[in-house]
Amino acid sequence: MDENLKSQPLYKQIENTLITQIQTGELLPGDKIAPERVLAKRYQVNRSTVVHALDELVAAGWIVRKQGSGTHVAPGRFGSRQFVFNQWRQFLSGPYLKEDPYITAIRKLKEENSSIDLYTGDLPNDLIPDFVFPSFSWQEIRQEEHQLTNLGYGPLKAELILFLQKELPIKGNDQELLITSGATQASILLMTLLLSAGDVLATEESSFLFSLPLFSSLQVQLVGIAQDAEGLSPTALEVAIQSKNIRLLYLTPNHQNPTGKTLSLKRRKEILALCQKYHLPIIEDDVFHELSFAKNLPALKSLAPDQVIYIGSLSKIFGASIKIGWLYAPKNMIKSLAIAKERMDNNTELFPQLLAYHALSSAVYQTQQQKLTQELALRSHHFASLLEDFQEDWHFTPIQGGLYYWLTWKHQKLSRKQWSDFLKEGLLVAPSFLFSNDSQSVRINYTRLSSDQYAEFRERFKRITQAWKTLEI
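Residues numbered from 1 in each chain as written. Predicted model: local features only at pLDDT ≥ 70, side-chain atom pairs only at ≥ 80, totals over all residues. Heavy atoms only, no water.

Quick look at the sheet that holds strand 2 (residues 63-66) now. Read across the sheet, 3 strands follow the order 1-3-2 without closing on themselves; strand pairing throughout is antiparallel. A strand with exactly one partner marks an edge of an open sheet, and here the two such strands are strand 1 (32-33) and strand 2. Judged from the 2 bridges that link them, strand 1 and strand 3 (residues 70-73) form a sheet pairing that is antiparallel. Counted as the bridge partner of I33 is T71 from strand 3. (Pairing = 2+ DSSP bridges. Helix = DSSP H or I, 4+ residues; strand = E, 2+ residues; numbered from the N terminus.)

Here's what the structure looks like:
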């Protein structure tokens, strides 16, 4: 047992040891855990101490226990599991910061030239629009600092507001904008300030939120709401609202991550009506807004300005090197968020804001953005055509924009172990167990598959598909 854990109570040492085994892949979701008497003998403790540790793990969502079938590792998503931090030393040295072992394996394989990276959630470099920036002297940059407030760089803020007024027409003038260092910082700021330990946040099932460690550290419960062809189900949402005391709803209506689904207009109105009925605030994550192949449907924010906090980003179109996002919400809320952001010393650097302003205000921005979406639509078409040979085995729906295709295996139930076949073939993808309790689907960033890789992808994907069909027999 780790030396750093020995100062903890015995039950806590057992609890953290089992968590480490789960996070490192020694114990996989669905694996059976040794009986209580075996664990008691292994750790040289009373059986009651083992029971205490297992009860804590059940409550935190790491394991499940059923009469007659024993104790098993809970399926899927780390994001819905919780930790209790007793000391800073435990936080820093314990298992809390470890990532899913599948992601660790992907990071290692990325360094190999033979791998095809369809996992990374960004555009490839060859698709990122090219802008010519003016030269800045150090003195000029220093002068621009005078236009920097706790809401962000003034000229960029004004440009973003003009952009939003065009894209999200909202009556009245009671909305304000706060610039952040990307959409992730915007989300973290909202979660930290709007949620407390024990609160429940609802989102789509599947969702990228389940892959984040944030909720474990905040002691916030993350609940997934079922989706269908039109997006999140209002019926399932109302059942969850009535039974789980949900505090916030987090939605990605356009090209949802990971499923690529776009919420229909009818469904948007139904969900808004439901949330207004139960006084449930909504966080709308619209980071893929600029990556739509056609005109976007009305944003939730434009349909219900005071019900919705809007998150936007330029990082998806400009690349990860320019981390610029924003929050658009009622003025009083933005004022409070800006003060909190300042106190947390989460200031957004001036230089990326300068670059973002000159790119966004550039005369060629619109042309560049349209050129990008046309290329994405073309790549999406080619990828969908490539998948037609696999329709007997994989279900997929052509997307309307964004970065992701969502493929679902049509045959036997898959376990987490089967997905190692993709790693062996050097196909770096994101299986659904990273985002949900399901292991049947996979997220693929089709934009990163270049035309000269199509044949190789097809062959590798075909070998995996045929191998899995053989297992079914």
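Moving on, we come to the packing of aromatic side chains. Enumeration according to the criterion identifies 22 aromatic pairs in this entry. Here the aromatic rings of F131 and F318 are separated by 5.5 Å at their centres, their planes lie at 80°, and the arrangement is edge-to-face. One end of the pair, F131, is in the loop between strand 4 (116-117) and helix 6 (138-144); the other, F318, is in helix 13 (residues 315-318), and 187 residues separate them in sequence. On the accessibility criterion, F131 (11% relative accessible area) is buried. Relative accessible area serves as the criterion here: at 7%, F318 is assigned to the buried category. Centroid distance W394 to W409: 5.1 Å. Interplanar angle 65°. Geometry classified as edge-to-face. With W394 in strand 15 (residues 394-395) and W409 in strand 16 (residues 404-409), the pair connects residues that are 15 residues apart, well separated along the chain. You'll find W394 and W409 in the same group, each marked buried. Chaining the aromatic ring pairs together yields one cluster made of F383, F390, W394, F396, Y405, W409, W419, F422, Y446, F457, F461 and W468. For K301, the ring lying beneath its charged end belongs to Y328, and the centroid distance is 5.7 Å. Taking the ring centre of Y404 as reference, the NZ or CZ of R443 above it sits at 4.2 Å. (Phe/Tyr/Trp six-rings, centres within 6.5 Å; stacked < 30°, edge-to-face > 60°. Buried < 20%, exposed > 50% of the residue type's maximum accessible area, 1.4 Å probe, protein only. Lys NZ or Arg CZ within 6 Å of the ring centre and 35° of its normal.)

What follows deals with the pairing of strand 13 (residues 308-313). Among the 6 residues of strand 13, 6 are classified as buried, and the element is accordingly described as predominantly covered. Judged by which residues are buried, strand 13 turns out to be covered on both faces: V308, Y310 and G312 on one side and I309, I311 and S313 on the other are all buried. Bridge count for strand 12 (residues 282-285) against strand 13 is 4 bridges, and the pairing is parallel. Bridging across to strand 13, D285 finds its partner in I311. Here strand 13 pairs with strand 14 (residues 325-330) via 4 bridges, running antiparallel.

Note that T71 resides in strand 3. Of the polar contacts made by the side chain of T71, one reaches the side chain of R65; its length is 3.2 Å. Here T71 is in contact with D31, K32, I33, I63, V64 and R65, once residues within four sequence places are set aside. (Polar contact = N/O pair within 3.5 Å; in protein donor to acceptor, adjacent residues only side chain to side chain. Contact = heavy atoms within 4.5 Å.)

Taken as a whole, this structure holds 2 cavities of 30 Å³ or more when the rule is applied. If you add up the space inside the largest cavity, you get close to 50 Å³. The wall of the largest cavity is formed by E204, Q227, G231, L232, L251, T252, P253, Q256, K261, T262 and L263. Considering only residue class, the lining of the largest cavity consists of 4 nonpolar, 5 polar and 2 charged. Partitioning the lining of the second largest cavity into residue classes produces 3 nonpolar, 2 polar and 2 charged. (1 Å grid on protein atoms, 1.4 Å probe; cavity = no way out; pocket = protein on both sides within 12 Å on 5 of 7 lines; lining within 4 Å. Points joined across faces, edges and corners; volume = space filled by probe spheres on them. Nonpolar A, V, L, I, M, F, W, Y, C, P; charged D, E, K, R; others polar.)

Core analysis: the biggest nonpolar cluster contains 102 residues, and L201, L327, W394, F422 and F457 have the highest contact counts within it. Here this core gets 7 residues from one element, more than from any other, and that element is helix 16 (residues 365-387). Excluding residues within four positions of it along the chain, F457 makes contact with I116, L118, F383, L386, L427, I444 and L449. One finds L237, I246, L263 and C275 within the second-largest nonpolar core, a separate group that totals 21 residues. (Core = buried A, V, L, I, M, F, W, Y, C linked by side-chain atoms within 4.5 Å.)

Here the focus is the layout of surface pockets. Leftover empty space is mapped by rolling, across the atoms, a probe with the size of a water molecule. Here the second largest pocket is characterised by a volume of approximately 640 Å³. F163, E167, H289, E290 and Q366 are, among the 26 residues lining the second largest pocket, the residues nearest its centre. Looking at the lining of the second largest pocket element by element, the count peaks at 5 residues for helix 16. By residue class, the composition of the lining of the second largest pocket is 11 nonpolar, 10 polar and 5 charged.

Remember, this is a structural readout, not a statement about activity or role.
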